[in-house]
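Structural overview
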Amino acid sequence: MSSPVGAAADAAAVASTQRHNQTRIQVMKHAPKLALLVAAGMASAGAQAADFEVSENTTLTLGGEVVLNYLYEKKADGDNSTDFVDDGSLVLLGGSRDLGNGVTAFAEAEFEYNVLGQGDGNVSRGASILGFAGDFGEVAIGDVDNVFEDLITDAVDPFENASLSDSTRTPEDSMIAYYSPDMDGFSFRLQGRHKNEDANQSNTEVSLVAAAEYDFGPIALAAAYDSRGSIDDDGGTDTNDQFNSQDHLVGISAVAQLSDRLEVSARFAQENDQAGNDKDFTAVAFSYNYGAGDVYGAAQSFDPSNGSSKSEVAAGVNYEVASGVLIFAEYGNLDRELSDGDVVADDTDKLGVAGLIYEF
């Protein structure tokens, strides 16, 4: 049902898809990432998303997914719970238009709903973006994925639910992002965020996120920086205190394709804090395709400057029942027993999940 909207749009879509898919091992990860959606491809909208050519230069896309999970959780205080939940079912609407001169404009919006009828039963907007793609690269505006997450965090996160501890990043709304074209294996990504953080608009949060990667072929390396937001506070009397940085987040990652079926990865991230509460995240992960699905896992050392170090491990397996239908099971030991001040009673210590994902 898919039809291209022109050679320029196709070229932009292919280049952007290749760029965004570099160094990402979580091919089974279900959540559509709007930053990955491109003008003529809609690649992350689900393999079953349908494109409709409504005119010579314009294409509409309709897709979505249903995600159902049965969860077992053991909390840090020892309490156990089980739950049957909708874990992010949504409908995706998108459109793209060839503007000529090798430039394609695109817009997408996610609408979230609960197939089990839990919650208030309403359909709500989940995320949306507007973008332009061409030989210059890609510009996206709106709820755009944090590029630190794309290249550093996601490198060791193949999981649907059993993800290991992660750093605090700049929120993904009110973003303007630029993705460079591939330059013989090298590419970079820049993001800025500007948002008023209170009703009277006295505080404005400004963030800068930057990432770069080099794809050598079998190995891809990446580095990223996230300022995590600085607050411009005009309410005080001391002008020297009007701009207060929250301190930065830095990280590096490496992904190696060892064979047609096996991929391994590693990352190191450091979250800095003005009060000296720095946190280090060191992790390794693997993903092995056995034919009908993937076996995957990860291990991480989480080392805060204040508090106890933790060793976290998780593993999972999935199976493609049919085109667009995936079942999976995961287990994670997140080492969050009550032992120091940075763990609270309702933190999840151990997690088991069995799930179904249907993409359309």
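Conventions we followed
- Residues numbered from 1 in each chain as written.
- Predicted model: local features only at pLDDT ≥ 70, side-chain atom pairs only at ≥ 80, totals over all residues.
- Heavy atoms only, no water.
- Helix = DSSP H or I, 4+ residues; strand = E, 2+ residues; numbered from the N terminus.
- Polar contact = N/O pair within 3.5 Å; in protein donor to acceptor, adjacent residues only side chain to side chain.
- pLDDT = per-residue confidence, 0-100.
- Contact = heavy atoms within 4.5 Å.
- Buried < 20%, exposed > 50% of the residue type's maximum accessible area, 1.4 Å probe, protein only.
- Pairing = 2+ DSSP bridges.
- Patch = residues over 30% accessible without salt bridge, like charges linked within 9 Å, V, L, I, M, F, W, Y side chains within 5 Å.
- Areas by Shrake-Rupley, 256 points an atom, 1.4 Å probe, with all protein chains shown as cover.
- Salt bridge = Lys/Arg side-chain N within 4 Å of Asp/Glu carboxyl O.
- Phe/Tyr/Trp six-rings, centres within 6.5 Å; stacked < 30°, edge-to-face > 60°.

A few points about the environment of N114
- Examined against the element boundaries, N114 turns out to sit in the loop between β5 (103-112) and β6 (124-134).
- Spatially, the C-alpha atoms of N114 and L68 are 9.6 Å apart, while their sequence positions differ by 46 residues.
- In this structure the side chain of N114 is engaged in a polar contact, spanning 2.9 Å, whose partner is the backbone nitrogen of L116.

Side note on the confidence of the model for the protein
- Looking at the protein, pLDDT values average 81 and 78% of them are 70 or higher.
- Of the regions scoring below 50 in pLDDT, residues 1-45 engages in 136 contacts with residues more than four places distant in sequence or in other chains.
- In the predicted structure, residues 235-242 sits below a pLDDT of 50 and forms four contacts with residues beyond four places in sequence or in another chain.

A look at the side chain of R228
- Structurally, the position occupied by R228 is in the loop between β11 (219-226) and β12 (230-233).
- Classification of R228 as buried rests on a relative accessible area of 6%.
- Within the structure, R228 has its side chain in polar contact with the backbone oxygen of D247 (distance 3.3 Å).
- There is a polar contact of 3.4 Å between the side chain of R228 and the side chain of E271.

A look at the environment of A256
- Its place among the elements puts A256 in strand β14 (residues 249-257).
- Expressed as a C-alpha distance, the spacing of A256 and F286, which sit 30 residues apart in the sequence, is 9.5 Å.
- Filtering out sequence-adjacent residues up to four positions away, A256 remains in contact with P218, I219, L262, E263 and V264.

What to know about the pairing of strand β20 (residues 348-359)
- Burial of β20 is extensive: nine of the twelve residues sit out of reach of the surface.
- Alignment of strand β2 (residues 58-75) against β20, held across eleven bridges, turns out to be antiparallel. Bridging from a neighbouring strand, E65 pairs with E359 of β20.
- Pairing of strand β19 (residues 325-333) with β20 involves nine bridges; the strand directions are antiparallel.

Some words on a nonpolar patch on the surface
- On the surface, a nonpolar cluster with roughly 710 Å² of combined accessible area is contributed by F286, Y288, Y290, V295, V317, Y319, V321, I327 and L356.
- With three residues, strand β18 (residues 310-322) is the single largest residue contributor to the nonpolar patch.
- By secondary structure assignment, the location of V321 is in strand β18.
- The class of V321 is partly exposed, set by a relative accessible area of 48%.

With respect to the environment of G324
- Within the secondary structure, G324 is located in the loop between β18 and β19.
- Accessibility expressed as a relative area gives 12% for G324, which makes it buried.
- As a C-alpha pair, G324 and Y358 span 34 residues in sequence and 5.6 Å in three-dimensional space.
- For G324, the residues in contact, after removing those within four places along its chain, are Q48, I357, Y358 and E359.

Some thoughts on the packing of aromatic side chains
- In the structure shown here, the tally under the stated rule is six aromatic pairs.
- When the ring of Y214 is compared with that of F216, the centres are 4.5 Å apart and the planes differ by 50°; the resulting orientation is tilted.
- Relative accessible area serves as the criterion here: at 52%, F216 is assigned to the exposed category.
- Considering the side-chain rings of Y358 and F360, the 5.8 Å spacing of their centres and the 35° angle between planes classify their relative orientation as tilted.
- A relative accessible area of 39% places Y358 in the partly exposed class.
- The exposure class assigned to F360 is partly exposed, which follows from its relative accessible area of 27%.
- Here the aromatic cluster, defined as three or more aromatic residues joined through ring pairs, consists of Y178, F186 and F188.

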